[in-house]
Amino acid sequence: MNANFLLAPQSHVSVSRIASYVIEGDLKATEIANFFLNRIEQYDSDLNCFTEVDPEFAFQQADRLDRRRQQGDRLGSLAGVPIAIKDGICTIGLKTTAGSRMLENFVSPYDATVIQRLKNADAIILGKTNMDEFAMGGSTESSAFGVTRNPWSLQAVPGGSSGGSAAAVAAWLAPVALGSDSGGSIRQPAAFCGITGLKPTYGYVSRYGLIAFASSLDQIGPLTRSAADAQQILNVIAGHDPLDSTSQRRSPDAACQIVEANSPEQDSRIDRLCDLQDLKLGICRSHWEHGLNPEISAGLKQAIEVLERLGCSIVEIELPHTQFAVPCYYVVAPCEASSNLARYDGVRYTGREPAKDLQEMYCRTRSERFGAEVQRRILLGTFALSSGYYDAYYLQASKVRRLIKQDYEAAFKLCDLIIGPSTPTTAFPLGSQNQDPLEMYLADVYTVSANLAGIPAISIPAGFDKSGLPIGMQLQGPRFGEDRLLHVSHHFQEHTDWHLQWPRFYANNTDKPTDAVQLREVDDNQRPRESEKEASD
Amino acid sequence: MAARNLIFDGIEIEVIVGLEVHVQLKTVTKLFCRCLTQFGAPPNTQVCPVCCGLPGALPVLNRTAIQLSIAAGLALNCQINRLTRWDRKNYFYPDLPKGYQTSQLDFPLCHSGYLDLVSTEGQSNIAKRIRINRAHLEEDAGKSLHGEDADTGCSQIDLNRSGTPLLEIVTEPDIRSAAEAKAFLQELRLMLAYLDVSDCNMQEGSLRCDANVNLRFQANRSSGSTGPIVTPIAEIKNLNSFRYIERAIEYEASRQFQQWQTDHLTIDQAPKQTRGWNEQEQKTVLQREKEASADYRYFPCPDLIPYRVSENWVAEISAKRNRLPAELREILQLEYQLSSYDSEVIVNQGLSFVQYFQAVAGQVNNSKLTANWMIQEVLRQLNEAQQSIDQYPIAASSLAELMAMIVNDELDQSRAKKVLHQMLTSGNTPTQAKQVLGIVSIDDDQITTLARELIEANPQVVAQIKAGNSKAIGALIGQARQRNPNAGPGKIKQELMALIDRGS
Amino acid sequence: MSEINQFDQFQVDYVSRLAMLQFDPSHRGDLQQQLSKILEFVSQLQQVDIPAGTEPFYGTDWGDRLPATLENRVTVDSFINAERGDIPATSLSLSEVLRNAPQSDGQYFVVPPVFE
């Protein structure tokens, strides 16, 4: 077989399948890496998903893996799976810029914990993806390295800040990607690009090596084409890390497991969520009212009907303080950012502007190498922490944050998950939100609450608007409720095909896709369920 | 040490001093990363992503730093907060890699304690209690070497020290003189050394001190003011020796008085100043008036979670801690009957010295003699060799043996000193050293024989003694030592007197 | 309350100085306007009625617990001090430390003169 089976429109080749082919020797890791490197070569000049791809670097990792397989080594669960990494995550061997001129030539001497874990699972680090500068933004337009375009419409933004990661997965330039989410930076671009994006519980995935924007809100998570893939990645990256003091002690083995019927080992993990009977979905009415695009609203209603047919029931819940989530977020996040970004001072690893004395060096370096949005947020945060204003802003916001968290705790006594929109609009045109920062902030209205409360949330595809842009549906769960989120998302995806749609342009391929399933029998217990079989049933 | 108020221009001045002491804790690794804390390593060789402030790096707390801080806090009679939190103090400086210092603002690990100072003046002990406001844990900055390159004036940055754990001990403004400030620091340093919490080496910067100084006095009626005058506070930085601290406070007191005489500004009318001590010019120099740069924008560090201190752990640390200097001074006085001066001198040498003393005195029935020998001979030898007691080549058991020889009058003090010197250079035991020096013990019969011979050979001297000139016996003792240098003068004298009294 | 919801020129200057940022005078007016608008927006937080005894939440709680429904699946204590033993690890090499530095002399980072 050859790697072209990876291109199968109206279908999806799962991460587990790629890994099992590599483990079984049906495909070489180098072939898979080359397949994606070729697609990047072919398409990324238009999309600009990647800030750095080093084909040699990727190829070498794959080659090493192939040799190890030949020697009979046991390979990890992501054997040969290429993965794109948001450029705010530190990697040895590839530049880590966080989308900023400040770090335009920065090469980290260490790997983030998540990179270490991916490598241990034998994934292939494909390249670094574009992002809003220091993750501050929702369109990837604030990157110092050019805008990324949405594969569904080159005139639209991919969302942000993990826009490069989302666009790369949507255009199948990488099967999966890592992003980070401080206020929606995984879920919003996932929604805009028609893919699945999971923000885990705060503390579930190590932040060691994630360039901090707002430390108490940042969380790394997967951007994938299915909930099953998200789970595979989460299983590898999640778990306690002694290098991150905010990392929670909860073993990854106990983590979310999508229950698949044929697997005997999973019987023990089957809980009451095995099917969706009795699952209560909470709806917060106020989140469906002001500002929500009616097409999104209509799309989500259909999606909820699907879930109801699958046995879910709907309960109304209230989250009264989430109306203050956006202002709360825009105090807490800038405050932390103003301190987190003080280290970019021109002394140790940043660029530096010439100056006659230290003071001038600081000011020129920071003013000329940080972009406008970053500077605005630093000023805002500096102000909100400054003498005389701390209580009115930072302290007050932190108390409101408590109330938001308590709202969720109360809500999850009434329901198992909360369902709603990921974004108030679909992907907006490039350049349309540059003028007014406040308008941009308000686009985070549905996503920031989960970060403030520290709970997990996922965005999954749930339709398209009239212009063909994807609609995202958000599920929020209680702390460490990733299993519910992924379980429900997986069931939903088994009964819908929104996540199997391709942006047409990137599905074009002269080679005929090969049906890999016919080639070789794989033990059913090892074999993940094939999405395309589902789709064609 | 007793605070005597200064008199300037006939006005009695009260000097008010509060100290902020930064003590580097004796951990193997830094506060939030696993780099070594060794002093003197080549620049930037004890640096990792965390203490270099690299993007994405995160802190993880060193448990031993907490343990040492609690031990110090308990010795300072502090309350230990059961829950502490980490706060960020934000300011820019090139040797502060993250642009903030991780410290404890609202919940210091230790607070509300005191340290008692006792000094001897004449016959009476004078006690003074200095209250401790707080003792909190924080990370040190790196080092800046300014203007090293004469052409460019550029500064060099070494981050080896960055992230070293510091305990900042803040006193209440209870100190009333430069001498008292020095006494406080000396006692604090001694105590921390006894606890093995810090090296407290001021040359290496493991103990650093800032002093907040101002004055309080009644103005002359002519100045038109009623009530006491309180001058603006100056914070004097960079006090890295006891001598500097004394001089800086003394200088600052007279400067503030002169300043007040010129401008009559009091504490409410002028901002707090930061001043530095200039050793060359022997004066404090204005560095900056506190203003915008002091807006540190403290907030809870989101990269660290609160820290819980269990009751059990505090009890365990308390039970295991070494004795404090004050406790040992009392023991030396009560159990060993030493004078307060002797116990002070011995305790001031450090814990090993005290333990050595106790080991020797435990085997010798004369603590006072042991104390004298340790204070005079042993200390002198250590100073000459620039050694600590741990490096002293003579074992406590050997010194005890030597002391016993003196007590038993087998050696007089001057010959014992020779023996000690021989022991020091050769590593011999006292017995071996005596042999090398040709000193042999003689028995009582030999003493009696020698005395008889002397009495027979010197009838005139004996007659003088009998006539009441007891001093004349010295001549006989001198002859005895000529005839047999091993004859102990005490014993020979005793024997001579007995024979003369009894005799003929 | 209204006066603290506006950024005046003085505050822009003061905060810029604290943050080590500088702005072209021609741009400062726009900046002041933008910041004032954002500040006005976030100031709605001051209208929130905070019940007495509400502790601020900074992202990780003292004694943060898992939801009761999940608790029984978790074997480890839900709150443990984040700490480590006093055991050294290898530091970076000097070349790694200085590799990204804009200016160094092979031993130290080098910065322009400090004028206090």
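Residues numbered from 1 in each chain as written. Chains lettered and ligands numbered in written order. Predicted model: local features only at pLDDT ≥ 70, side-chain atom pairs only at ≥ 80, totals over all residues. Heavy atoms only, no water.

**Student:** Before we go on, may I ask you to explain the overall build of chain B in this structure?
**Tutor:** In terms of helices and strands, chain B carries 15 helices and 19 strands. By the compact-globule yardstick of 23 Å for 504 residues, chain B is too spread out, its C-alpha radius of gyration being 31 Å. Reported as C-alpha extents along the three principal axes, the dimensions of chain B are approximately 100 × 65 × 55 Å. In chain B, which comprises 504 residues, the proportion classed as buried is 54%. (Helix = DSSP H or I, 4+ residues; strand = E, 2+ residues; numbered from the N terminus. Rg over C-alpha atoms; globule rule 2.2 N^0.38 Å. Buried < 20%, exposed > 50% of the residue type's maximum accessible area, 1.4 Å probe, protein only.)

**Student:** I tried to follow the side chain of B:Asn278 on my own but got confused; where do I start?
**Tutor:** Residue and element names in this part refer to chain B. Among the structural elements, asparagine 278 can be located in strand 16 (residues 273-278). Among the polar contacts made by the side chain of asparagine 278, one reaches the main-chain amide nitrogen of glutamine 280 at a distance of 3.0 Å. Reaching out from asparagine 278, the side chain makes a polar contact with the backbone nitrogen of glutamate 281 at a distance of 3.1 Å. The contacts of asparagine 278, once residues within four sequence positions are left out, are Lys283 and Val285. (Polar contact = N/O pair within 3.5 Å; in protein donor to acceptor, adjacent residues only side chain to side chain. Contact = heavy atoms within 4.5 Å.)

**Student:** So what exactly am I meant to see when it comes to the environment of C:Asp24 here?
**Tutor:** All names here are of chain C. If you trace the backbone, aspartate 24 turns up in the loop between helix 1 (9-19) and helix 2 (25-42). Taking C-alpha positions, aspartate 24 is 20 Å from lysine 37, a pair spaced 13 residues apart along the chain. Within polar-contact distance, the side chain of aspartate 24 engages the side chain of serine 26 at 2.4 Å.

**Student:** Would you mind showing me how to read unusual backbone geometry here?
**Tutor:** Most peptide bonds adopt trans geometry, and most residues besides glycine take a negative phi value. Omega for the peptide link from A:Gly160 to A:Ser161 comes to 5 degrees, which places this bond in the cis form. Tracing the sequence through the fold places A:Ser161 in the loop between strand 3 (124-129) and helix 5 (163-170). In this structure, A:Phe134 takes a positive phi of about 50 degrees despite not being glycine. For B:Ser112, which is not glycine, the phi torsion reads 55 degrees and is therefore positive. In this fold, B:Ser112 is placed in strand 8 (residues 110-121). Its relative accessible area of 44% is what places B:Ser112 among the partly exposed residues.

**Student:** I tried to follow the sheet that holds strand 18 (residues 299-300) of chain B on my own but got confused; where do I start?
**Tutor:** The strands making up a sheet associate through hydrogen bonds between their backbones, and the pairing can be parallel or antiparallel. The three strands are arranged 7-6-18 (chain B) in an open sheet whose pairing can be described as antiparallel. Strands at the two margins of the open sheet, each flanked by one partner only, are strand 7 (100-103) and strand 18 of chain B. Both strand 6 (residues 87-90) of chain B and strand 7 of chain B contribute to a ladder of four bridges, which runs antiparallel. By the bridge assignment, B:Asn90 is partnered in strand 7 of chain B with B:Tyr100. This element, helix 9 (residues 325-340) of chain A, spans strand 6, strand 7 and strand 18 of chain B of the sheet and lies at about 60 degrees to strand 6 of chain B. (Pairing = 2+ DSSP bridges. Axes fitted to C-alpha atoms, helices over the stretch in contact; angles between N-to-C directions.)

**Student:** Looking at this structure, how should I read helix 2 (residues 178-194) of chain B?
**Tutor:** Side chains three or four residues apart in an α-helix point the same way, a direct result of the helix having 3.6 residues per turn. All names here are of chain B. Under the 1.5 Å per step criterion, the end-to-end length of helix 2 is 24 Å for 17 residues, consistent within 8% with the ideal 24 Å. The element helix 2 is extensively covered by neighbouring structure, given that 12 of its 17 residues are classed as buried. At the C-terminal side of helix 2, aspartate 196 shows a positive phi close to 60 degrees. (Expected span 1.5 Å × (residues − 1).)

**Student:** Help me understand the sheet that holds strand 10 (residues 143-145) of chain B, please; the structure alone is not making it clear to me.
**Tutor:** Ordered in space as 10(B)-11(B)-2(C), the three strands form an open sheet in which the pairing is antiparallel. This sheet does not close on itself; its edge strands, each paired only once, are strand 10 of chain B together with strand 2 (109-111) of chain C. Neighbour-to-neighbour, the strand axes of the sheet open up by a mean angle of 30 degrees, direction not taken into account. Taken together, the three bridges between strand 11 (residues 155-158) of chain B and strand 2 of chain C define a ladder with antiparallel strand orientation. Within strand 2 of chain C, the position partnered with B:Gln156 by the bridge is C:Val110.

**Student:** Can you help me understand empty space enclosed by the protein in this one?
**Tutor:** One way to see where empty space is left: roll a probe the size of a water molecule over the atoms. Residue and element names in this part refer to chain B. The tally for this structure, following the rule as stated, stands at 13 cavities of 30 Å³ or more. The calculated volume of the largest cavity comes to roughly 100 Å³. Classifying every residue of the lining of the largest cavity by side-chain character gives six nonpolar, six polar and two charged. Put simply, the second largest cavity is a space of about 80 Å³. Contributing to the lining of the second largest cavity are 15 residues, with Val50, Leu58, Pro59, Lys98 and Tyr100 lying nearest its centre. Tallied by class, the residues present in the lining of the second largest cavity amount to nine nonpolar, two polar and four charged. (1 Å grid on protein atoms, 1.4 Å probe; cavity = no way out; pocket = protein on both sides within 12 Å on 5 of 7 lines; lining within 4 Å. Points joined across faces, edges and corners; volume = space filled by probe spheres on them. Nonpolar A, V, L, I, M, F, W, Y, C, P; charged D, E, K, R; others polar.)

**Student:** Help me out: how do you make sense of the interface of chain C and chain B in this one?
**Tutor:** Accessible area lost upon the coming together of the parts serves often as the stated size of an interface. Taken together, the contact between chain C and chain B spans 35 residues of the former and 47 residues of the latter. For the pair chain C and chain B, the summed buried surface comes to about 3700 Å²; carbon and sulfur atoms form 60% of the total. Ionic pairing is found between B:Arg63 and C:Glu83, a salt bridge with its closest N-O pair at 3.1 Å. Counting across the chain C and chain B interface gives 21 residue pairs in polar contact (both at pLDDT 80 or more). Looking at the side of chain C that touches chain B, the elements with two or more residues in it are helix 1, strand 1 (83-84), helix 4 (94-98) and strand 2 of chain C. (Buried area = accessible area lost by both parts, 1.4 Å probe. Salt bridge = Lys/Arg side-chain N within 4 Å of Asp/Glu carboxyl O.)

**Student:** Mind showing me how you'd approach the interface of chain A and chain C here?
**Tutor:** Contacts between chain A and chain C engage 74 residues on the former and 64 residues on the latter. In total, chain A and chain C occlude about 6200 Å² of area from one another, counting both sides; carbon and sulfur atoms represent 66% of this. The largest per-residue losses of area from chain A upon contact with chain C belong to A:Arg249, A:Leu379 and A:Arg402, which jointly make up 11% of the total buried on that side. Our count for the chain A to chain C interface comes out at one salt bridge. Linking C:Lys37 and A:Asp436 is a salt bridge whose minimum nitrogen-to-oxygen distance equals 3.2 Å. At the boundary of chain A and chain C, one finds 17 residue pairs in polar contact (both at pLDDT 80 or more). For the side of chain A that touches chain C, the elements supplying multiple residues, two or more each, are helix 9, helix 10 (358-369), helix 11 (372-385), helix 12 (391-414), helix 13 (437-442), helix 14 (448-453) and helix 15 (482-494) of chain A. Of all the elements, helix 12 of chain A adds the most residues to the side of chain A that touches chain C, at 13 residues. Tallied by class, residues from the side of chain A that touches chain C come to 40 nonpolar, 16 polar and 18 charged.

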